[in-house]
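Commentary on secondary and tertiary structure
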Amino acid sequence: MEKIGRAIVKLRIPILILSILLLIPAGLGYVNTKINYDILYYLPGDIDTMQGQDILLDEFGKGAYATVVVKGMDKKGTAQLEDKISNVDHVTDIISYNSLLGPEVPTELIPDKYRSYFENKDTDCTMFMIFFDDTTSSDETMSAIQELRNLAKGQCFISGMSAVVTDTKQITKQETVAYVLIAVILTSIVLALFMDSFLVPVFFMASIGMAIVYNLGSNYFLGEVSFLTKALAAVLQLGVTMDYSIFLWHSYKEEKEQYSDDNNEAMAHAIGNTITSVVGSSITTVAGFIALCFMTFTLGLDLGVVMAKGVVIGVIGCVTILPSMILTFDRALEKTTHKEIMPARFDRLAKFVVNHAWLPVIAFLLLLFPAIYGYTNTDVYYNLTDTFPASTPCAEANKVLEDNFDLNSIYMVLADTNLSAKDATKMIDEINEVEGVSFALGYNSLTGTTIPDELVPDALKETLKGDKHQMIAVASDYKLASDEVNNQIEKVDSIVKKYDSNAMVIGEAPCTKDLITITDKDFKTVSAVSIIAIFVIIFCVFKSVSLPIILVIAIEFAIFINMGIPYYTGTTIPFIASVVIGTIQLGATVDYAILMTTRYKRERYNGADKKTAIATSLSTSIPSVIVSALGFFAATFGVGAYSSIDMVSSLCILMARGAIISMIVVIFILPSFFVVFDKLIIHTSKGFINKEEKKRERQPQVAYAVGSDKQ
């Protein structure tokens, strides 16, 4: 590895020049990477809800729909607004009371119930549905949503998934840059305080920043990434890969003591040491992110690939760009050195933990079951509108819709267009009888009344009936993602399949129901895959049967506590947190555990007794663990406190808290496990006992005994 180190040192100037030049294509790639703001897009394509959306687009030319509520506008103004809306680019159809009538239909032929579907005279509100000719998250649909809002500001409220996606885009575009700035500033403060140079954080941030730009720029070749990946990738990469920079700096300082007259040689050795140590550590982190790729909800694949790629790029940057910067600006670094606040060793604390190992073990036993219970019972939400502040346009629109029409969502049924009028009418009537259904409206809702078929407007026929399918709108009183609406959807689905076995229930509410089912399975899959992967890696690194079990138990305990706290505080977290956080915390924490275990193994191999070996490993590891954990905390906590998107905020707060909890577990619980299970560990692991040394220790004793006998 020293050869690689010497080559990097020799080529440090070309490396710096190349790294700067690579920022140009990387920056262009970043700017031109398409961002997907629709989380439901990542559901598997083979389920009914997703196939139904394709049918809606291909057959009806409708890729997205929204519910509009107009407040405080008279009939004439509402009619004029409808005309304006129909002329907005990418709006294809409107279903309203006016569209039901048409010019040929006398008002008295329309039953009063239909008016109540669309008008609330008491609150002076009118509702109608609009359809778009493109997908939910397309730029064209989002532009149309924004234009619709501008038509009647303060009077026009638009709800639905396209409105949610539009607000997601606007907020994340405003806040993403701030996320990175907050993470960089707070992390730099931590590094400046706890390391021995005020300038070293600048080079850490510069090299890691370059690696982040390369990673985000290379996302261009993936086609697109989710808004969540874009929002979190930079912050996560900063927090996760910072350890590697810290390790290189500490290694360089140690080597400078030996090669005081030759900084280049010191750095060459430091690079070699870093490559050896960091590759093993980074593999565990990569494995954690790769586990996300096993999700059928492909948002996990999106985040997993980007973050695994980011860790690899971060490692390469750490052993090439950072050492080149350090050597180039070595004099400036020496001038900005200061006395470290934190001691190099924590001997007193280490001795206390080792001599009182029973205290952390008792704490572990007392907290384990409450932590598991909280972990398994923490409430999560799936309604994507809940991730936004109440003042957000989509959240306001949902509130207006609920307050004035007792509606929370509208979803669709796609059934055979050739279904007999009798069966279609019976099916719609049965749907209307389902608890919580405000109304079900289809073509046969109208022709089954006193309106003759020839009087139904052609535009409405084209809206509701296609060549192969007919469309029925179902309005629900129940909130998205609630047990009530999910049960309702199941009943509606069973009704429509009774009349048409190929019928589909589609829309935001059914998609959200599928999201709940799928991510629940994904959570179990990802947890199992990540634990198995980390278990295998630890087994290979330490060639031990017992250590993988002990380390994984300690790390999982930290995760249980972190994810269990929301249950006891009454906090509801976004669904994605339960899938992602455990994997990220597992991948990040295992680095701390491996660092300490490696030193413990070395001390035992060199002949130290149990308590001395564990105390030494703990004392020397604590500074690195604290700096790393505080750095990760700083990178995520500030973003969590700032973000107005609860999905981003909750994830960052959980990661920040997880870093501190993991730090405490590694400092107190893990070494206590080593004390308790030392005999088991050394006899079920390779490299803890120096057999040759044991033989040499015995040989003088045998010779002395023989000599004594002869005497």
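Sequence positions are assigned chain by chain, starting from 1 and proceeding in written order. pLDDT decides what is reported in this predicted model: residues at 70 or higher carry local features, side-chain atom pairs at 80 or more are listed and counted, and totals for whole chains, interfaces and linings draw on all residues regardless. Side-chain calculation: all heavy atoms of the structure are included, whereas hydrogens and water are not.

Here we come to the overall build of the protein. Check the secondary structure of the protein and you find 26 helices and 13 strands. Taking the principal axes of the C-alpha coordinates as reference, the protein spans close to 125 × 55 × 40 Å. In the protein, which comprises 711 residues, the proportion classed as buried is 58%. Contacts: residue pairs with any heavy atoms within 4.5 Å of one another. Put simply, 82% of the contacts in the protein that link residues at least 6 apart link residues at least 24 apart. Put simply, DSSP H or I for four residues or longer makes a helix, DSSP E for two residues or longer makes a strand, and each gets a number counted from the N terminus. For every residue, the accessible area obtained with a 1.4 Å probe (protein chains only) is divided by the maximum for its type, and the residue is called buried under 20%, exposed over 50%, and partly exposed between those limits.

Okay, helix H9 (residues 200–218) next. Helix length check: H9, at 19 residues, gives a terminal C-alpha distance of 27 Å against a target of 27 Å (1.5 Å per residue), a fit within 8%. Among the 19 residues that make up H9, 15 are buried, leaving the element largely enclosed by the rest of the structure. Expected helix span is taken as 1.5 Å per residue step, with the number of steps being one fewer than the number of residues.

On the surface, Asp 89, Asp 133, Glu 140 and Glu 147 cluster together to form a negatively charged patch. Mapped onto the secondary structure, Asp 133 falls in the loop between strand S5 (125–132) and helix H7 (139–151). Given a relative accessible area of 34%, Asp 133 falls into the partly exposed group. Any residue with relative accessible area above 30% and no salt bridge may belong to a patch, with like charges joined within 9 Å and the nonpolar Val, Leu, Ile, Met, Phe, Trp and Tyr side chains within 5 Å. In this description, accessible areas are obtained by the Shrake-Rupley approach with a 1.4 Å probe, and a residue is regarded as covered only by the protein chains that are shown. Each reported salt bridge corresponds to a side-chain nitrogen of Lys or Arg within 4 Å of a carboxyl oxygen of Asp or Glu. We count Lys and Arg on the positive side and Asp and Glu on the negative side, and we leave His and both chain ends out. Lys charges are placed at NZ, Arg charges at CZ, Asp charges at CG and Glu charges at CD.

A word on the pattern of salt bridges. For the structure on display, the rule yields 16 salt bridges. Residue Lys 497 is joined to Asp 493 by a salt bridge in which the shortest nitrogen-to-oxygen separation is 3.0 Å. Of the two residues, Lys 497 and Asp 493 both sit in helix H20 (residues 483–499), 4 residues apart, roughly one turn of that helix. For Lys 497, a relative accessible area of 30% translates into the label partly exposed. For Asp 493, a relative accessible area of 23% translates into the label partly exposed. Asp 678 is the salt-bridge partner of Arg 604, the closest N and O atoms lying 2.8 Å from each other. Of the two residues, Arg 604 is situated in helix H23 (residues 575–605) and Asp 678 in helix H25 (residues 646–683); the sequence distance between them amounts to 74 residues. No difference in accessibility class separates Arg 604 from Asp 678, as the two residues are buried. What emerges from the salt-bridge pattern is a single network uniting Asp 48, Asp 493 and Lys 497.

Here strand S10 (residues 437–441) lies mainly inside the structure; 4 of its 5 residues are buried. Pairing between S10 and strand S11 (residues 469–476): 4 bridges, direction antiparallel. Its bridge partner lying in S11, Ala 440 is registered against Val 474. For two strands to pair, DSSP has to find at least two bridges joining them.

Before going further, it helps to examine the packing of helix H10 (residues 227–258) against helix H12 (residues 299–328). Running from N to C, H10 and H12 point in directions that differ by 35 degrees, and their axes come no closer than 8 Å. The two elements H10 and H12 cross, and the hand of that crossing is right-handed. In this classification, Asp, Glu, Lys and Arg are treated as charged, Ala, Val, Leu, Ile, Met, Phe, Trp, Tyr, Cys and Pro as nonpolar, and every other residue, Gly included, as polar. Tallied by class, the residues present in the contact of H10 with H12 amount to 19 nonpolar, 6 polar and 1 charged. All axes here are fitted lines through C-alpha atoms, helices being fitted over the stretch that makes contact, and every angle between N-to-C directions spans 0 to 180 degrees. If you view the pair so one helix is near and one far, a crossing is left-handed when the near helix is turned anticlockwise from the far one by less than a right angle, and right-handed when it is turned clockwise.

Take the packing of H23 against H25 next. How two helices sit against one another is set out by the angle between their axes and by the gap between those axes. The N-to-C vectors of H23 and H25 enclose an angle of 35 degrees; their axes lie 8 Å apart at closest approach. For the pair H23 and H25, the crossing hand works out as right-handed. Partitioned by chemical class, the residues of the contact of H23 with H25 number 19 nonpolar, 5 polar and 2 charged.

Right, let's get into the side chain of Asp 167. By the element assignment, Asp 167 lies in helix H8 (residues 161–194). Note on Asp 167: relative accessible area 2%, which makes it buried. Under this definition, polar contacts are N or O atom pairs within 3.5 Å; protein pairs additionally need one hydrogen-donor-capable and one acceptor-capable atom, and for neighbouring residues in sequence, both atoms have to be side-chain atoms. For Asp 167, the side chain forms a polar contact with the side chain of Arg 149, separated by 2.8 Å. If we skip the residues at most four places from it in the chain, Asp 167 touches Arg 149, Phe 388, Thr 392, Pro 393 and Cys 394.

With that out of the way, let us pick up the side chain of Ser 218. Residue placement: Ser 218 occurs in helix H9. Ignoring anything within four residues of it in the chain, the contact list for Ser 218 reads Lys 309 and Ile 313.

Let's shift gears to the nonpolar core. Across soluble globular proteins, nonpolar side chains show a tendency to be buried alongside one another. We call a set of buried Ala, Val, Leu, Ile, Met, Phe, Trp, Tyr and Cys residues a nonpolar core when their side-chain atoms join them within 4.5 Å. Membership of the largest hydrophobic core comes to 186 residues, with the highest contact counts inside it found for Phe 297, Ile 576 and Phe 674. Top element by residues in this core is H25. It accounts for 19 residues. In this structure Phe 297 touches Ile 39, Tyr 42, Leu 43, Leu 515, Ile 518, Thr 519, Asp 522, Phe 575 and Ile 576, once residues within four positions along its chain are discounted. Among the nonpolar cores identified, the runner-up in size contains 56 residues, and Val 69, Phe 157, Ala 475 and Met 504 belong to it.

Turning our attention to unusual backbone geometry. The phi dihedral of His 90 falls on the positive side, at around 75 degrees, and the residue is not glycine. With respect to the element layout, His 90 can be found in the loop between helix H4 (75–86) and strand S3 (91–95). Its relative accessible area of 30% is what places His 90 among the partly exposed residues. Positive phi is not limited to glycine here, since Asp 406 has a value of about 55 degrees. On the secondary structure map, Asp 406 appears in the loop between helix H16 (393–405) and strand S9 (409–416).

Another aspect to go through is the environment of Val 579. For Val 579, the location among the structural elements is in helix H23. Using a relative accessible area of 3% as the deciding quantity, one classes Val 579 as buried. Through-space distance from the C-alpha of Val 579 to that of Cys 156 is 37 Å; in sequence the pair is 423 residues apart. With near-sequence residues (within four places) excluded, Val 579 lies in contact with Leu 292, Met 295, Thr 519, Phe 523 and Val 526.

Let's shift gears to the sheet that holds S11. One key point about sheets: their strands pair by backbone hydrogen bonds, in either a parallel or an antiparallel sense. Strands sit in the order S10-S11-S9-S12 across an open sheet of 4 strands; the sheet is antiparallel. Looking at the sheet topology across the chains shown, the edges are occupied by S10 and strand S12 (504–506). Taking the axes of each pair of neighbouring strands and ignoring which way they run, one obtains an average angle of 20 degrees across the sheet. The strands touched by H20 within the sheet are S9, S10, S11 and S12, with S9 carrying the most contacts at an inclination of about 15 degrees.

Let us now look at the pairing of S9. Burial within S9 is extensive, with 7 of its 8 residues counted as buried. Of the strand pairs in this sheet, S9 and S11 are connected by 8 bridges, and their pairing is antiparallel. The partner of Ser 409 across the bridge, within S11, is Ser 476. Here 3 bridges tie S9 to S12, and the two strands are oriented antiparallel to one another. Its bridge partner lying in S12, Leu 414 is registered against Met 504.

Here the focus is the packing of aromatic side chains. Here a pair means two rings of Phe, Tyr or Trp (six-membered ring of Trp) with centres within 6.5 Å. Their orientation is stacked below 30 degrees between planes, edge-to-face above 60, and tilted elsewhere. If you walk through the whole model with that rule in mind, you get 21 aromatic pairs. A ring pair is formed by Tyr 373 and Tyr 567, whose centres lie 5.5 Å apart and whose planes are at 80 degrees; its orientation type is edge-to-face. Highlighted residues: Tyr 373 in helix H15 (residues 358–377) and Tyr 567 in helix H22 (residues 546–569), separated in sequence by 194 residues. When the ring centre of Phe 131 is taken as origin, the NZ or CZ atom of Lys 62, which lies over that ring, is 5.6 Å away. Only Lys NZ and Arg CZ are tested; either one counts as a charge over a ring when it is within 6 Å of the ring centre and within 35 degrees of the ring normal.

The quantities given are spatial measurements derived from coordinates; they are silent on function.
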